[in-house]
Amino acid sequence: MRIELKDWTLTIIPHKEYCASGYPDRGEYDLISGLGVTIPAVVPGNFELDMVRAGLLENPYFGSNITKLRDLEDRHLFYRTVFDLPTTAPNELPVLKLDGVDTVFDLYINGEWVYGGENMFMSYEIPLNIDIPLKPTGNELILHIHPTMIEAQRNALPPSVGTFPFGYASLYARKAPSSFGWDILCRAVSGGIWKPVYIETVKTPAIRETFLYTRAVSPDPADHTRGYAELNLYYAVDLGGDTYYPFDCDKHPHELPNDYTVTVEGVCNDCTFSYTADLWHTCGNIFIPVHGAYLWYPKNAGQPWLYDVTVTLRRGDAVVDTKTMKTGIRTVELDRTTFAGDNGQFRFVINGKPVFAMGSNWVPLDAFHSRDAERLPKALEMLDEAGCNIIRCWGGNVYEDHAFFDFCDAHGIMVWQDFAMGCAIYPVDERMQEALREEVDHIVKKLRNHPSLCLWAGDNECDFAWWGWHGIRRDPSENVLTRKIIPDVLRLQDFTRPYLPSSPYLDEDAIEAMKNPANIVSMQGTADISEDHLWGPRDYFKGPYYRTAGCHFASETGYHGCPAPETLKTYIPEGELWPIFDKGTEDDPFAGDPKPSWFLHQTTMELKYTGNFHYRIRLMTSQVQHMFTETPVDLATYAKMSQISQAEAFKYFIERFRTAKWRRTGIIWWNLLDGWPQISDAVVNYDFTPKLAYFFIKRVQKPLHMAFADPENGVFTLMGINDTQKDVTFTYTVKDVTGLPADTDLNTVPAILSGEVTVPADAAAPAASLPVEGLADRFLYIEWTANGERGTSHFILEPEHLDYRTYMNALTLCGFDDWCGFDQ
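The shown structure was predicted, so the numbers you read here are calculated from the model rather than taken from an experiment.

Caption draft 1: Summary view of the pattern of salt bridges. Scanning all chains against the criterion turns up 49 salt bridges. In this structure, Arg538 engages Asp681 in a salt bridge whose closest nitrogen and oxygen atoms are separated by 2.6 Å. Residue Arg538 is located in the loop between strand 26 (531–533) and helix 11 (544–548), and its partner Asp681 is located in the loop between strand 28 (666–669) and helix 16 (692–700); the two are separated by 143 residues in the primary sequence. Per residue, the accessibility class of Arg538 equals that of Asp681, and both read buried. Note that Asp710 and Arg547 form a salt bridge whose closest N and O atoms lie 3.8 Å from each other. Within this pair, whereas Asp710 is found in the loop between strand 29 (704–708) and strand 30 (715–722), its partner Arg547 is found in helix 11, the two being separated by 163 residues in sequence. Take Asp710: its relative accessible area is 26%, and that puts it in the partly exposed class.

Encoded structure:
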């Protein structure tokens, strides 16, 4: 039984007023309610959103309003509600569950302190036992959330740490790092009960833990999607007898397990298994051989078959508890070398089969994380429709919940999960180690039954931070957080998945190579390592940096694209829309600095034109100026030019990796969706309006595709790309449509290349070549049929200094003018 706690009020008190009141910390609500302001609250929620609903705060996402949130960073939050106790049997106990509190809190019931926590990522369970003075009805619950920025001052940071200037308070706080401000998210150091609060009845005896994992698989040579598998179920039970007590309570009877059994049963299509074991202790393992098993594979490599599994605890013949789950049978390996090259590698291997990975980085769904759940279904739908078979849960974010992983399980999307640290040198003292150890243990136990979860990664770019971001080069192997704390937990709780200490990971060999300046070839300051983040100078997307990057696997890369006017109007005031720059004129719209709302929504933390990330609007503009010879005369033209530049860049990045399959093995681009209204690399705006790049990506990530590879020796080669598991014959034509009217009948345009090519399963193969001479700026239309399906794409060898109208006509002629949010 689950009872949601409702009818919340919220008292918001500035820190100075709270201190002057004498610190009413014992849940004395009569004192609290006389301070600050009290308003209705929504749970799950964030206090700023409650203030907006109460008319106390303007929409933080409009204009320059986001800067006003800094003045609210000292607020104490007192959430209050009243609850009744549910009726329970003697072997049952009501447990109060807090699925997510942001961040440092104290919990009071009927005026007595009950519990405290300081980790946004943890869920908490508080048994409502006899030590708490409870009443059958009318129990008062008060949750005091302390201001993160004030709490951060309680812990002095050593000089060894380093991060963005506005991020130092985040280094001890176990809170989404991006909430302190990032180049992809506004600063919103919020607070609130961001996940549900409810009372749930638990009982004994009960199953407390289950971990079903695959020990080994032997795919059938005639059908790799099925085969023999060996599974293992780890279980842990609580045999508390007929009266419930917390397990570590002195009164816990710790009943002997003599009369108990555990049964595990699973079914997928026509394959079933069932095994029973006697209990000899409160935990154990059950070995499960499965003949003719349906194996889980990511998209393109096979089917993501899932088993319905039931674990049953019995005493004699009586069922005392059951647990159910959906899971898949699969093994996962990370085939990795330090360096890229002919003998190098970085690829995921599922059930012994290498998988080419294409997908997006997953960043916060919203700066106010209480809204994540409502935004999740649409975001996942767009991810799947884009043809992604991998998602990287970036380390600046929160950890996603089961709904996210359930979707990825069912749709064959591999999950690369960073732990929540990014772009910093964190303190490595005992306090931080213990906080991280508790968090990792909690997250790993929660998520480890999901077959889509294929990689744990220690952090995002912290190895780079150690290796010189803050002036002194330090060896990242000395980072005990990612080299000891996390792997120690994984050795205990999940030894079935690969672990990457950082992304990108600088192991001892990489560090040794980077000591030689001649080996440094990346803007990140790395040698040609096997997995890298390809940001570079952010100039022409086919420039030397991007064309020569040697990594096998790119786990970050992206390019700016301006949102459409209709989207921009939702957060940029009308008077700031055009020109974008404060001294812009009709003849020179790019003079001066970006106007305030543009400047803040690019994203920066403050209106200082020399601060972090101040350059991004100017960067996007320079990309437009490089691609087209014309100067845009209005916002719609500018936005279309920018979206074209972004779309062509993403297309090139993905096709560069796909045409070189298996020399290159995967690309995780940045990124699908914005977490607040901004001008960014995302291919879908915060309001879910897709940019042109989203439609380009949908085409280029289809399992069957044709694309031209980078030129070599004066020719460029058309490649057939086959991510399916059978040989496929492509019948293709290539036509030059440059300069043709948009209403031309494509059937009347002669082919400059045509033919047929058979591409082996899961491979890329050359079809034909064209000379570079005379074709550098030509818009080539590619059409093919394969497996009875028609595919189309296009190619421009050097998409720079183009005529805008000529390009637009060709785009329309080919049917690729997928504009959203423009008044057409």
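Caption draft 2: Quick look at the confidence of the model for the chain. A residue-level look at the chain finds 96% of positions with pLDDT of 70 or above and a mean pLDDT of 94. Predicted confidence is poor over residues 242–247, with pLDDT under 50, and the contacts of this stretch with residues over four places away or in other chains come to 23 contacts.

Caption draft 3: The sheet that holds strand 31 (residues 728–736), seen in detail. Read across the sheet, four strands follow the order 32-31-34-35 without closing on themselves; strand pairing throughout is antiparallel. Each edge of the open sheet is held by one strand with a lone partner, namely strand 32 (751–759) and strand 35 (789–795). Here the average twist between neighbouring strands, direction ignored, is 20 degrees. Across seven bridges, the pairing between strand 34 (residues 780–786) and strand 35 is antiparallel. Note on strand 35: the bridge partner recorded for Glu783 is Thr792.

Caption draft 4: Region of the structure containing the packing of helix 5 (residues 372–385) against helix 6 (residues 402–411). Direction vectors running N to C along helix 5 and helix 6 enclose 25 degrees, while the axes themselves pass 11 Å from each other. Taken together, the axis directions place helix 5 and helix 6 in an arrangement best described as roughly parallel. For the element pair helix 5 and helix 6, the recorded crossing hand is right-handed. On the side of helix 5, the interface is formed by Leu376, Leu380, Glu381 and Asp384, while helix 6 contributes Ala403, Phe404, Phe407 and His411. In terms of residue class, the contact of helix 5 with helix 6 is built from five nonpolar, one polar and two charged.

Caption draft 5: Local environment of helix 8 (residues 462–469). Within helix 8, six of the eight residues are buried, which leaves it mostly tucked inside the rest of the structure. Those residues of helix 8 lying buried are Cys462, Asp463, Phe464, Ala465, Trp466 and Trp467. Taken together, the buried residues of helix 8 touch helix 9 (480–493), helix 10 (508–514) and strand 26.

Caption draft 6: The arrangement of the nonpolar core in detail. Trp362, Phe404 and Tyr807 are the most contacted members of the largest nonpolar core, which totals 113 residues. In terms of residues, this core owes the most to one element, helix 15 (residues 635–658), which gives twelve residues. If near-sequence neighbours (up to four positions away) are discounted, Trp362 is found in contact with Leu376, Ala379, Leu380, Ile391, Arg392, Cys393, Trp394, Asn397, Glu400, Phe404 and Leu672. Of all hydrophobic cores here, the second largest spans 54 residues; its members include Leu77, Trp182, Leu185 and Trp676.

Caption draft 7: How the structure looks around the sheet that holds strand 33 (residues 763–771). Taken in spatial order, the three strands line up as 29-30-33 in an open sheet, and their pairing is antiparallel. The sheet terminates laterally at strand 29 and strand 33, the two strands that pair on one side only. Taking each pair of neighbouring strands and ignoring which way they run, the sheet shows an average axis angle of 20 degrees. Strand direction decides the pairing type here: strand 30 and strand 33, joined by eight bridges, are antiparallel. Counterpart to Gly720 in the pairing with strand 33 is Ala765. Strands strand 29, strand 30 and strand 33 of the sheet are contacted by helix 15, whose axis makes an angle of about 100 degrees with strand 29.

Caption draft 8: View of the packing of aromatic side chains. Tallied over the full model, the rule gives 51 aromatic pairs. On the numbers, 5.8 Å between centres and 55 degrees between planes, the contact of Phe590 with Tyr638 is tilted. Residue Phe590 is found in the loop between helix 12 (565–568) and helix 13 (596–600), and its partner Tyr638 is found in helix 15; the two are separated by 48 residues along the sequence. Residue Phe590 is classed as buried on the basis of its relative accessible area of 7%.

Definitions and cut-offs
- Residues numbered from 1 in each chain as written.
- Predicted model: local features only at pLDDT ≥ 70, side-chain atom pairs only at ≥ 80, totals over all residues.
- Heavy atoms only, no water.
- Salt bridge = Lys/Arg side-chain N within 4 Å of Asp/Glu carboxyl O.
- Helix = DSSP H or I, 4+ residues; strand = E, 2+ residues; numbered from the N terminus.
- Buried < 20%, exposed > 50% of the residue type's maximum accessible area, 1.4 Å probe, protein only.
- pLDDT = per-residue confidence, 0-100.
- Contact = heavy atoms within 4.5 Å.
- Pairing = 2+ DSSP bridges.
- Axes fitted to C-alpha atoms, helices over the stretch in contact; angles between N-to-C directions.
- Parallel < 35°, antiparallel > 145°, perpendicular 65-115°, else oblique.
- Left-handed = near helix turned anticlockwise from the far one by under 90°.
- Nonpolar A, V, L, I, M, F, W, Y, C, P; charged D, E, K, R; others polar.
- Core = buried A, V, L, I, M, F, W, Y, C linked by side-chain atoms within 4.5 Å.
- Phe/Tyr/Trp six-rings, centres within 6.5 Å; stacked < 30°, edge-to-face > 60°.

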